[in-house]
Amino acid sequence: MRSKIFCAFILAMTMLAASALAHHSPSAIFDMTKKVPITGTLTAVNWVNPHIIVLVDVNKNGTTESWKFESNPPAWFRQVGVSRNDLAKGIGQTVTVEAVTAIDGSHYGYMQKITMPDGTVLELVGENEKAGK
Amino acid sequence: MQNIRRNIACLTIAGALAAGAAFAQSSTAAKPAPGETARAGATHPDLSGTYIYAIDLAPAALKKEVAGKVTISTVDHSAHAKVKEAIPNALPSTPAPSYKPEFVAQVKDLADHESKTDPVFYCARPGVPRIGPPRRVVQLKNEMIFLYEDVSGDPYRVFYTDGRQHREDSNPSYYGDSVAHWEGNVLVIDVLNFVPDGWFGENGYFHTDKMHVTERVWKVGDDLAYQAIVEDPGVLTAPWVMPVRLVKSTALAVEESPACKDEDGAKLLNNDHHGQR
C-alpha cells in the first residue's frame with residue numbers, strides 16, 4: 001500500500017514537473033491517480049507547441065479506437081536530445097504508450113512513456129532520477 | 001510621470017552603487033580578467049552569443065533505454081532559477097507591480113482564471129518584457145539584433161545604439177519600438193509604443209498602450225543578465241523592477257519553433273495552472 005501511495009506521489013510530481021510550461025496544470029484535465037498502458041499503431045507525430053502530439057490507433061475487437069496524447073513541449077524534447085524523427089520513425093508500427101488519461105473519458109492522455117518498435121524506451125521522470133536499471 | 005522618472009533614476013543610482021568596486025573595475029580594465037566580460041571594441045562589451053531558452057521548460061528528466069543501457073538527460077533551467085548571489089549592475093527588484101486601487105480586483109480576477117484569460121496560454125505573443133532575454137544576440141557597431149525562440153513563434157528585434165530617437169512612424173506592437181544606449185557595461189533599451197492587449201507578466205499583469213519598458217542587458221562572464229523595469233501611468237502607481245535573470249550561454253543552435261496549436265483548452269475542468277513566462 002505504501003509503495004502504491006509512493007508511486008502515485010512520484011507520478012503526480014513528475015506530471016506537475018512535466019508541465020511547467022503548460023498553459024494549465026495536468027490536474028485540470030487528467031486523472032493523476034493512475035497511469036495506463038495503451039498499445040496500438042502509431043499513426044502520426046505532430047511536432048507542435050505548446051505540447052507535442054502523438055496519435056495511436058488501438059484495435060478493440062475489430063473496431064479502431066483513435067487515441068491522442070500530448071506530452072512535453074518541443075523545446076524540452078530538443079534539450080534532452082529527442083527529435084521528431086526519434087518518434088516518427090515508428091509510424092505505421094506498434095508502440096506502447098503509458099499515460100494518464102482525460103477525466104472526461106475521451107481518448108486523450110498525457111504521454112509519460114513510450115516503447116518504440118525497436119525496443120527503445122523514452123520516459124519522463126523526476127530530475128533526481130539516476131541512470132541504471 | 002516626473003516622480004516615476006525620479007524613482008527610476010534613484011534605482012539606477014542605487015544599483016550602480018550596489019555594483020560597487022566590481023563595476024568600476026570592469027569599466028576601466030584594459031584587459032578582461034578571467035571570467036570577466038569580453039569586449040568587442042574599444043568601449044563596449046560584446047553581448048553577442050547564443051543563450052539558453054528563456055521559456056519555462058518542464059523540470060523533468062528524460063530516461064532513455066536502448067538495448068538495456070539507460071541514460072538520463074535533463075534541461076537547463078538557468079533562465080528561471082532565482083538568482084541567489086549578488087550580480088554586479090543588478091537593480092534591487094520590487095516584489096510585485098503596484099496597481100492603482102481601481103484595478104486591483106481586475107488583476108486578481110485575471111490571475112485567478114489565468115488558464116482561461118491569459119492570451120499567452122493560447123499561443124499569443126508574450127511581448128516585451130515578458131518574453132525575457134533573447135536566445136541569440138548579434139551585436140553590430142551601432143545596431144543590435146535580438147532573436148528569440150518562443151512557443152508563440154520566433155520574433156526578432158532590430159534597434160540602434162547610435163543615439164537616435166524613437167521612430168515617429170512605428171506602429172504599435174507586442175515588442176514595441178526600441179532604442180538603446182550604453183551605461184558602462186550595461187545595454188539600456190528604451191521600449192514604447194505597445195499594443196494594449198498583452199500582459200507584461202504572469203498573474204494578470206495587464207497594461208495599457210502607455211506602458212514604457214526599460215530593459216537592462218549585460219554580460220556576467222559568458223552568461224547574459226537581463227532585467228526590466230515597467231512603467232505604466234495608465235494602471236501602475238510606481239515602476240515595477242523585475243528580478244534579474246541570468247541565462248547561460250549554450251551551444252544549442254537557434255532553430256525555428258514549431259507552430260503553436262492549442263489542443264486541450266476546451267478540456268479544462270478547473271482553473272489549475274502554473275508558471276509559464
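Residues numbered from 1 in each chain as written. Chains lettered and ligands numbered in written order. Predicted model: local features only at pLDDT ≥ 70, side-chain atom pairs only at ≥ 80, totals over all residues.

**Quick word on the overall build of chain B**
From N to C terminus, chain B includes three helices and 14 strands. By residue count, 37% of the 277 residues in chain B fall in the buried class. Taking as baseline every contact in chain B between residues at least 6 positions apart, the subset at least 24 positions apart corresponds to 63%. (Helix = DSSP H or I, 4+ residues; strand = E, 2+ residues; numbered from the N terminus. Buried ≥ 20, exposed ≤ 12 C-beta atoms within 10 Å, placed from the backbone. Contact = placed C-beta atoms within 7 Å.)

**Examining the overall build of chain A**
Scanning chain A for helices and strands turns up three helices and six strands. Walking chain A from its N terminus toward its C terminus, one meets helices and strands in the order α-β-β-β-α-α-β-β-β. Split into buried and exposed, the 133 residues of chain A put 36% on the buried side.

**Some words on the pairing of strand 7 (residues 177-183) of chain B**
Residues and elements named next belong to chain B. Bridge count for strand 7 against strand 8 (residues 186-192) is seven bridges, and the pairing is antiparallel. Bridge pairing in strand 8 links Glu183 to Val186. Linking two consecutive strands that pair antiparallel, namely strand 7 and strand 8, is a turn of two residues; a positive phi of about 65° is found at Gly184 within it. (Pairing = 2+ DSSP bridges.)

**Some words on unusual backbone geometry**
Here A:Asn49 and A:Pro50 are connected by a cis peptide whose omega angle stands at -5°. You can see A:Pro50 is positioned in the loop between strand 1 (36-46) and strand 2 (53-60). Omega for the peptide link from B:Val128 to B:Pro129 comes to 10°, which places this bond in the cis form. Despite not being glycine, A:Asn61 has its phi angle at roughly 50°, a positive value. Residue position: A:Asn61 is located in the loop between strand 2 and strand 3 (63-70).

**A few points about the sheet that holds strand 1 (residues 49-50) of chain B**
Residue and element names in this part refer to chain B. Spatial ordering of the open sheet is given by 1-4-5-6, a layout of four strands whose pairing is antiparallel. Both outer strands of the open sheet, strand 1 and strand 6 (156-160), are each paired with one neighbouring strand and no more. Both strand 5 (residues 143-147) and strand 6 contribute to a ladder of five bridges, which runs antiparallel. Of the residues in strand 6, the one forming a bridge with Phe146 is Arg157.

**Points about the pairing of strand 12 (residues 223-231) of chain B**
All names here are of chain B. With eight of nine residues buried, strand 12 lies mostly within the body of the structure. Sheet topology note: the strand 11 (residues 212-220)/strand 12 ladder contains nine bridges and is antiparallel. Bridge pairing in strand 12 links Trp218 to Ala225. The turn linking strand 11 back onto strand 12 is made up of two residues, and Gly221 within it adopts a positive phi angle of 65°. In this sheet, strand 14 (residues 245-247) lies alongside strand 12 in antiparallel orientation, the contact comprising three bridges. For Tyr226, the partnering residue across the bridge sits in strand 14 and is Arg245. Pairing of strand 12 with strand 13 (residues 240-241) involves two bridges; the strand directions are antiparallel.

**Remarks on the confidence of the model for chain B**
Residue and element names in this part refer to chain B. Per-residue pLDDT for chain B has a mean of 84; in total, 81% of the residues score no lower than 70. Every residue in residues 1-41 is under pLDDT 50, and counting partners more than four places away or in other chains gives 47 contacts. As a predicted assembly, this complex carries a pTM of 0.82 together with an ipTM value of 0.85. (pLDDT = per-residue confidence, 0-100.)

**Notes on the environment of B:His77**
Residue and element names in this part refer to chain B. On the secondary structure map, His77 appears in the loop between strand 3 (69-73) and helix 2 (101-112). With 16 C-beta atoms packed within 10 Å, His77 lands in the partly exposed category. Residues His77 and Tyr53, 24 residues apart in the sequence, show an inter-C-alpha distance of 8.3 Å. Once you skip the residues sitting within four places of it in the chain, His77 turns out to touch Leu57 and Pro59.

**Observations regarding the nonpolar core**
Residues A:Phe69, B:Ala225 and B:Val247 are the most contacted members of the largest nonpolar core, which totals 79 residues. Of all the elements, strand 12 of chain B adds the most residues to this core, at six residues. Those residues in contact with A:Phe69 that lie beyond four places of it in its chain are A:Val54, A:Val56, A:Val97, A:Ala99, A:Gly109, A:Tyr110 and A:Met111. (Core = buried A, V, L, I, M, F, W, Y, C linked by C-beta atoms within 7 Å.)

**A short note on the environment of A:Tyr108**
With respect to the helices, strands and loops of the structure, A:Tyr108 is situated in strand 5 (residues 108-115). Beyond its immediate stretch of four places on either side in the chain, A:Tyr108 contacts A:Lys68, A:Thr101, A:Ala102 and B:Lys267.

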